[in-house]
Amino acid sequence: MKAITVVPLKAGSASLEEVAEPAPGEGDVLVETIAVGVCGTDAEIVSGDYGWAPPGRERLVLGHESLGRVVEAPQGSGLAVGDHVVCIVRRPDPVPCYACAAGQWDNCRNGQYTEHGIKSLDGFMRERYRTPADALVKVDAALGLCGVLLEPTTIVAKAWDDVDEIGNRAVWRPEKVLVTGAGPVGLLAALLARQRGLEVHVLDHLEGGAKSRLVERLGATYHTGSVADAVAAPDVILEGTGVPQLVVDAMRSVGSGGVVALLGVGSVGSQLGVDVGSLNRDMVLSNKAVVGSVNANRSHYQSAVTALNAADRDWLAALITRKLPLDRFSEALQHGPDDVKTVMQLSEP
Ligand code: BGC
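Engineer: Help me out: how do you make sense of the overall build of the protein chain in this one?
Structural biologist: Helices and strands together make up the secondary structure of the protein chain, namely 11 helices and 19 strands. Radius of gyration (C-alpha) of the protein chain: 20 Å, near the 20 Å computed for a compact globule of 349 residues. Along the three orthogonal principal directions, the C-alpha set of the protein chain runs to about 55 × 45 × 40 Å. Looking at the protein chain as a whole, 53% of its 349 residues qualify as buried. Put simply, 70% of the contacts in the protein chain that link residues at least 6 apart link residues at least 24 apart. Charge centroids of the protein chain, computed over 31 positive and 43 negative side chains, lie 2 Å from each other.

Engineer: Where do I start with the sheet that holds strand S9 (residues 120–121) in this structure?
Structural biologist: Backbone-to-backbone hydrogen bonds join strands into a sheet, with any given pair of strands oriented parallel or antiparallel. An order of S7-S8-S9 is seen for the three strands of this open sheet, with the pairing classed as mixed. If you trace the sheet from one side to the other, it starts and ends with strand S7 (90–91) and S9, each paired once.

Engineer: Sorry if this is basic, but what is going on with the site of the ligand here?
Structural biologist: Surveying the vicinity of the ligand reveals the residues Cys39, Thr41, Tyr50, His64, Val89, Arg90, Glu115, Ile118, Glu151, Ile155, Val294 and Asn295. In the environment of the ligand, an oxygen atom lies 2.5 Å from a nitrogen or oxygen atom belonging to the side chain of threonine 41. Classifying every residue of the shell around the ligand by side-chain character gives six nonpolar, three polar and three charged.

Engineer: Just checking my understanding: could you explain the nonpolar core for this structure?
Structural biologist: Considering soluble globular proteins, one finds that nonpolar side chains tend to be buried as a cluster. Core analysis: the biggest nonpolar cluster contains 88 residues, and Met125, Leu150, Trp160, Leu238, Trp315 and Leu316 have the highest contact counts within it. Broken down by element, this core gets its largest block of residues, seven residues, from helix H4 (residues 184–195). Counting contributing residues, this core receives three or more from each of domain 1 (2–139 + 312–345) and domain 2 (154–292). By size, the runner-up hydrophobic cluster in this structure holds 10 residues, among which are Leu178, Val231, Ile237 and Ala250.

Engineer: Even after reading the chapter, I still don't get the domain arrangement of the protein chain, so can you show me in this structure?
Structural biologist: Accessible area lost on assembly of the parts is the figure often given for the size of an interface. Split by domain assignment, the protein chain resolves into domain 1 (2–139 + 312–345) and domain 2 (154–292). Once you take the C-alpha centre of each, domain 1 and domain 2 turn out to be 28 Å apart. The interface is formed by 13 residues belonging to domain 1 together with 13 residues belonging to domain 2. Across the domain 1 to domain 2 interface the summed buried area is about 1100 Å²; carbon plus sulfur atoms make up 67%. Contact with domain 2 buries area across many residues of domain 1, yet Trp315, Asp338 and Val340 alone supply 51% of it, more than any other trio. Across the contact surface, domain 1 and domain 2 share one salt bridge. The closest approach of N and O atoms between aspartate 106 and lysine 158, which form a salt bridge, is 2.9 Å. Viewed at the interface, domain 2 and domain 1 are joined by four residue pairs in polar contact (both at pLDDT 80 or more). With five residues, the single largest contributor to the side of domain 1 that touches domain 2 is helix H10 (residues 313–319). For the side of domain 1 that touches domain 2, a count of residues per class yields six nonpolar, one polar and six charged.

Engineer: Would you mind showing me how to read the packing of helix H3 (residues 150–167) against H4 here?
Structural biologist: In a pair of packed helices, the angle between the axes and the distance between the axes together describe the arrangement. Contact geometry of H3 with H4 gives a least axis separation of 9 Å together with a crossing angle of 55°. Between H3 and H4, the crossing angle belongs to the class labelled oblique. As for the relative orientation of H3 and H4, their crossing is right-handed in sense. Of the residues in H4, those touching H3 at Pro152, Thr153, Val156, Ala157 and Trp160 are Val185, Leu188, Ala189, Leu192 and Ala193. Here the contact of H3 with H4 is built from residues that sort into nine nonpolar, one polar and no charged.

Engineer: Explain the packing of aromatic side chains here, please?
Structural biologist: Aromatic ring pairs are reported here in terms of the distance separating the ring centres and the angle at which the planes meet. Using the criterion set out here, one finds two aromatic pairs in the structure. Relative to tryptophan 52, the ring of tyrosine 50 has its centre 5.2 Å away and its plane inclined at 70°; by these criteria the two rings are edge-to-face. Ring geometry for phenylalanine 124 versus tyrosine 129: centroids 4.7 Å apart, planes at 55°, classification tilted. A relative accessible area of 1% places tyrosine 129 in the buried class. Sitting over the face of the ring of tryptophan 52, lysine 119 holds its NZ or CZ atom 5.5 Å from the ring centroid. Sitting above the plane of the tyrosine 113 ring, lysine 119 keeps its charged end 4.4 Å from the centroid.

Engineer: Would you mind going over the sheet that holds strand S13 (residues 199–203) with me for this structure?
Structural biologist: Pairing is parallel in the open sheet, where six strands are placed in the order S14-S13-S12-S15-S16-S17. Unpaired on one side and paired on the other, strand S14 (221–223) and strand S17 (289–292) mark the two borders of the sheet. Each strand axis lies, on average, 20° off the axis of its neighbour in the sheet, ignoring direction. Direction of pairing for strand S12 (residues 176–180) relative to S13: parallel, over a ladder of five bridges. Directly across from valine 177, in S13, lies its bridge partner valine 200. Strand contacts of H3: S12, strand S15 (236–239), strand S16 (259–262) and S17, with the helix running at about 150° to S15, the strand carrying the most contacts.

So, how was this worked out
- Residues numbered from 1 in each chain as written.
- Predicted model: local features only at pLDDT ≥ 70, side-chain atom pairs only at ≥ 80, totals over all residues.
- Heavy atoms only, no water.
- Helix = DSSP H or I, 4+ residues; strand = E, 2+ residues; numbered from the N terminus.
- Rg over C-alpha atoms; globule rule 2.2 N^0.38 Å.
- Buried < 20%, exposed > 50% of the residue type's maximum accessible area, 1.4 Å probe, protein only.
- Contact = heavy atoms within 4.5 Å.
- Lys, Arg positive; Asp, Glu negative; His and termini not counted.
- Charge placed at Lys NZ, Arg CZ, Asp CG, Glu CD.
- Pairing = 2+ DSSP bridges.
- Near = heavy atom within 4 Å.
- Polar contact = N/O pair within 3.5 Å; in protein donor to acceptor, adjacent residues only side chain to side chain.
- Nonpolar A, V, L, I, M, F, W, Y, C, P; charged D, E, K, R; others polar.
- Core = buried A, V, L, I, M, F, W, Y, C linked by side-chain atoms within 4.5 Å.
- Domains from an automatic or database assignment.
- Buried area = accessible area lost by both parts, 1.4 Å probe.
- Salt bridge = Lys/Arg side-chain N within 4 Å of Asp/Glu carboxyl O.
- Axes fitted to C-alpha atoms, helices over the stretch in contact; angles between N-to-C directions.
- Parallel < 35°, antiparallel > 145°, perpendicular 65-115°, else oblique.
- Left-handed = near helix turned anticlockwise from the far one by under 90°.
- Phe/Tyr/Trp six-rings, centres within 6.5 Å; stacked < 30°, edge-to-face > 60°.
- Lys NZ or Arg CZ within 6 Å of the ring centre and 35° of its normal.

Below you can see the structure in the form of structure tokens.
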């Protein structure tokens with residue numbers, strides 16, 4: 001069958017290949033891939049900056065944002081042929097550490113977790129895969145192709161969970177939220193914020209265009225310019241870009257008692273002239289909190305299912321701005337200004 005594979009840490013090595021059918025040992029559920037979303041992590045892997053091949057192999061099958069259809073499932077697995085499913089990206093470490101043992105592999109303590117399409121486990125840019133039933137999450141088939149948005153939604157569902165946990169350390173009545181970056185993660189973070197009835201502001205560097213319309217359709221406000229000019233003292237900032245200046249500005253601008261969640265991974269090596277003493281003073285004297293947040297566990301997949309089911313289908317569908325077959329993968333990473341989510345589509349939903 002066809003797959004997009006890459007030699008991790010080797011720039012430009014991604015290619016369409018013939019690979020073996022999934023081995024029965026990979027799990028007793030056989031899934032036919034419908035679509036796979038392409039994200040910044042895939043771009044990093046393709047450019048040779050990130051990623052691990054499975055043990056003993058040179059190449060990794062790319063892709064972690066999946067949507068598939070069950071082709072074979074054992075009795076009693078809770079899955080039936082035809083069900084639409086998304087595979088959980090991260091698998092617990094084999095030790096397991098106490099977080100993985102508790103099902104919180106997103107907070108793995110020893111770093112020995114694996115991730116489909118990223119770290120030591122093949123991903124989903126292939127026609128079929130096998131997995132144990134407990135790695136799958138059912139999604140409503142009525143979502144159609146929009147089910148492929150589940151995985152990025154889990155990232156923001158986890159971020160909101162973290163923000164709630166931290167906010168609730170004291171009396172917590174958040175009203176205003178700023179999201180930096182109007183990519184898929186930023187837009188989905190804004191969706192979940194609106195579903196909570198919050199006043200939502202989204203900051204991006206692009207003037208106008210599709211992203212600003214998507215923000216406005218949510219009943220949120222789109223801004224360009226600086227963090228400080230977008231909204232005064234928000235209770236929560238969800239930073240989705242990883243741009244060093246925005247990270248620092250978020251810490252400075254979040255309101256008293258507020259929470260900054262960092263979700264983006266940017267380039268390293270920037271040396272901003274930051275007055276750390278004044279930043280520290282402000283954060284201490286205003287009880288500000290900053291949390292880094294990565295990946296998602298099953299509870300976040302469930303929250304994300306609820307969020308997608310409650311969302312406006314047309315709005316979700318508008319996030320998928322390009323659908324490409326596997327053999328046009330090289331185009332998937334060429335990002336236009338109005339592109340939000342590009343998906344590799346392998347079969348009809
Ligand atoms: C994925 C996460 C993963 C992270 C780090 C993100 O793109 O959505 O599931 O944990 O990359 O590898």
